[in-house]
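What the coordinates show
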Amino acid sequence: MKDRKLLMIPGPIEFTPDVMLAMGMPTTSHIAPNFIEVFGEALERMRHVFLCPDGQPFVIAGSGTLAMDIAGANLVEPGDRALVVNSGYFSDRMGAILERYGATVTQVHAPAVGDVPALEDVETALKKGAYKIMAFTHVDTSTAVVVDAKALGALGREHGVLTILDGVCSVAGEELRQEDWGIDLSFTASQKAIGVPPGLALVVAGPRAMGAFHERKSPVGNYYADWANWLPIMQAYEERRPSYFGTPAVNLIWALNVSLGQILDEGIDARFLRHRRLNQAFKAAIGALGMKQVPLGSELAANTLTAPYYPDGVDKALLGHIKEAGVIVAGGLHPEIRDRYFRVGHMGAVNESDILMTLGALEKGLAQVGHSFDAGAGLAAAQALLTQ
Ligand code: PMP
């Protein structure tokens, strides 16, 4: 028997063999000429993947929360006002981080779990307050809800605020055009759709965000996150010069460069399309199995993950049976509904077979918990779209 489990959680995801090979190669010095070349190339490729040709990329060892911290530490000065467009768990965290660096934070909440704050409410808030920053979570990983990042970017521009986009569950999976959409800073973490094992915080700051940093009157209240320390390092690697502030995560950066190369070989638009297609097939299957989802409408549902509610009479014991059938999915995260739903990630190198295998395991699990349903209905619905 093969003892392989397919990992279908919303990060870490499964990585390509070439990415894993880079992780296992002999570690070089951080100033070895071949590493300098790779780091420099990875920084150049970040601009293309974030679609932010004039942005300043930062690649720093840490998780996605460090990327959030970097945004807050470098852009907030004590007394600044910040608006958080709150669509769930990770928007709460962003609000706490902005507050930690001295911002006065106002939140515009989604009216219900599975919904997003109305654009009119965001606009009303922007008109009322003299905000410096507006932050939002592109895809909230706790609810699988996606906000309209393009519209929020446009609102941010109109009202002269710096926009911060948490793209941890979106970059390189969900459509994001940072520069065209007027987003001033976006970030992700390596373990998600960008396809590298956990351990890198990946940030791209546009010219206005860098300008705000350069105009700061107070020092950055976080030594490790301070761009004053990291900007010369990123510039040096891009200019192919040796430099040092903190030891970079050498193997992760080799792996990042491989993954960014794979993403650009696929083509960023083709990649967005693949995510959309696989997502539609998966969600069609969930619907065909009679399961509801956390996002309240299909236009609110992300392409990188799905959050189905358990059918009546089924609980989280289902996840054990899905695992037994060979696929690992994630439990609920949003505190208000934690035990009523589960989450399936489908991002990065995910393919059609992964989608079908996950649905096969889900159907097997449903049968094993005694749920009555039309066996094969989910697989058929997905396959009908995938064979088109
Ligand atoms: N923001 C979002 C949208 C996330 O999904 C996550 C992680 N799941 C984070 C931030 C935090 O990232 P990390 O767990 O890597 O610190």
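Residues numbered from 1 in each chain as written. Predicted model: local features only at pLDDT ≥ 70, side-chain atom pairs only at ≥ 80, totals over all residues. Heavy atoms only, no water.

**Thoughts on the overall build of the chain**
What counts here: Numbering of helices and strands starts at the N terminus; helices are DSSP runs of H or I of at least 4 residues and strands are runs of E of at least 2. For the radius of gyration, the atom set is restricted to C-alpha positions; the globular benchmark scales as 2.2 Å times the number of residues to the power 0.38. We call a residue buried when its accessible area falls under 20% of the maximum for its residue type, exposed when it is over 50%, and partly exposed in between, using a 1.4 Å probe and counting protein chains only. We call two residues contacting when some pair of their heavy atoms lies within 4.5 Å. Here the positive residues are Lys and Arg and the negative ones are Asp and Glu; neither His nor the chain ends is included. In this description, the location of a charge corresponds to atom NZ of lysine, CZ of arginine, CG of aspartate or CD of glutamate.
When helices and strands are tallied, the chain shows 13 helices and 14 strands. Against the 2.2 N^0.38 benchmark of 21 Å for 388 residues, the chain shows a C-alpha radius of gyration of 21 Å, consistent with a compact globule. Once the C-alpha set of the chain is aligned to its principal axes, its extents read approximately 65 × 55 × 35 Å. Relative to its 388 residues, the chain shows a buried fraction of 60%. The long-range fraction of contacts in the chain, counting pairs at least 24 apart against all pairs at least 6 apart in sequence, stands at 72%. When the 32 positive and 42 negative side-chain charges of the chain are each reduced to one mean point, those points stand 2 Å apart.

**Some details on the nonpolar core**
As a reminder, the rule being used: Only buried residues count toward a nonpolar core, which is a set of Ala, Val, Leu, Ile, Met, Phe, Trp, Tyr and Cys residues joined through side-chain atoms within 4.5 Å. Throughout, the edges of the domains are those of an automatic or database domain assignment.
Within the largest apolar cluster, 113 residues are counted, with the highest numbers of intra-cluster contacts made by Phe-58, Leu-98, Ile-164, Leu-185, Phe-187 and Trp-227. Residue assignment places this core across two domains, with domain 1 (6–11 + 268–386) and domain 2 (18–266) each supplying three or more. In contact with Leu-185, other than residues within four places in its own chain, are Ala-71, Leu-75, Thr-163, Ile-164, Leu-165, Gln-178, Val-203, Val-204, Ala-205, Ala-209 and Trp-227. Within the second largest apolar cluster, 26 residues are counted, among which are Met-291, Tyr-310, Phe-342 and Ala-361.

**A short note on helix H11 (residues 317–324)**
Rules: This arc is built from the directions going out from the helix axis to the C-beta atoms.
Among all positions in H11, only Leu-318, Leu-319 and Ile-322 are buried. Buried residues of H11, seen end-on, are gathered within an arc of 100 degrees and therefore sit on one face of the element. Those residues of H11 that are buried lie in contact with strand S12 (327–328), strand S13 (330–331), strand S14 (342–345) and helix H12 (352–368).

**What about the domain arrangement of the chain?**
For clarity, the cut-off: The term buried area denotes the loss of accessible surface (1.4 Å probe radius) that occurs when two parts are joined, taken as the sum for both partners. Salt bridges, as used here, are contacts in which a Lys or Arg side-chain nitrogen is within 4 Å of a carboxyl oxygen on Asp or Glu. Polar contacts, as counted here, are pairs of nitrogen or oxygen atoms within 3.5 Å of one another; within protein the pair requires one atom able to donate a hydrogen and one able to accept it, and residues that are adjacent in sequence qualify only if both atoms are side-chain atoms.
Split by domain assignment, the chain resolves into domain 1 (6–11 + 268–386) and domain 2 (18–266). Across the contact, 31 residues belong to domain 1 and 29 residues belong to domain 2. Interface area for domain 1 against domain 2, summed over the two sides, is near 2,500 Å², with a carbon-plus-sulfur share of 62%. Across the contact surface, domain 1 and domain 2 share three salt bridges. Its salt-bridge partner being Arg-177, residue Asp-269 comes within 2.5 Å of it at the nearest N-O pair. Counting the contacts that link domain 1 with domain 2 gives 13 residue pairs in polar contact (both at pLDDT 80 or more). Residue assignment for the side of domain 1 that touches domain 2 shows that the elements contributing at least two residues are helix H10 (268–288) and strand S11 (305–306). The dominant element in the side of domain 1 that touches domain 2, judged by the number of residues it contributes, is H10, at eight residues.

**A closer look at the environment of Lys-192**
Position of Lys-192 among the secondary structure elements: in the loop between strand S9 (185–189) and strand S10 (200–205). Of the residues examined, Lys-192 reaches a relative accessible area of 7% and is grouped as buried. Note: C-alpha distance between Lys-192 and Val-161 (31 residues apart in sequence) is 28 Å. Setting aside chain neighbours within four positions, we find Lys-192 in contact with Pro-10, Gly-11, Ile-13, Thr-141, Val-168 and Met-347.

**A word on the sheet that holds strand S3 (residues 81–86)**
What counts, and what does not: When DSSP finds two or more bridges between a pair of strands, those strands are recorded as paired. For helices, the fitted axis covers only the stretch in contact; all axes are lines through C-alpha atoms, and the angles between them, taken along N-to-C directions, range from 0 to 180 degrees.
Pairing is mixed across the open sheet formed by seven strands, whose spatial order is S2-S10-S9-S8-S5-S3-S4. On the outer flanks of this sheet lie strand S2 (56–61) and strand S4 (104–109), each paired with one strand and no other. Each adjacent strand pair in this sheet contributes to an overall mean axis angle of 20 degrees, direction not counted. With six bridges connecting them, S2 and S10 associate as antiparallel partners. Looking at the pairing, Gln-56 lines up with Ala-205 of S10. In the packing of helix H5 (residues 119–128) onto the sheet, the strands contacted are S3, S4 and strand S5 (133–137), and the crossing angle to S3 comes to about 175 degrees.

**Observations concerning the site of the ligand**
To be explicit about the condition: For each residue, the test is whether any non-hydrogen atom lies within 4 Å of the molecule or strand; if one does, the residue is near. Surface accessibility follows the Shrake-Rupley procedure with a 1.4 Å probe radius. Residue values consider only the protein chains on display as shielding.
Close to the ligand lie 14 residues, the nearest being Ser-63, Gly-64, Thr-65, Thr-141 and Asp-166. One of the side-chain N or O atoms of Thr-65 is found 2.6 Å from an oxygen atom in the ligand. Residue Asp-166 places a side-chain N or O atom 2.7 Å away from a nitrogen atom belonging to the ligand. Notes on the ligand: free accessible area 390 Å², of which the protein chains cover 86%. Looking at the shell around the ligand, the elements with two or more residues in it are helix H3 (64–75) and helix H4 (89–100). Broken down by element, the shell around the ligand gets its largest block of residues, three residues, from H3.

**Digging into the environment of Arg-276**
Along the polypeptide, Arg-276 turns up in helix H10. The partly exposed category is assigned to Arg-276, whose relative accessible area is 34%. Spatially, the C-alpha atoms of Arg-276 and Gly-24 are 32 Å apart, while their sequence positions differ by 252 residues. In this view, Arg-276 contacts Glu-175 and Asn-303; residues no more than four positions away in its chain are not counted.

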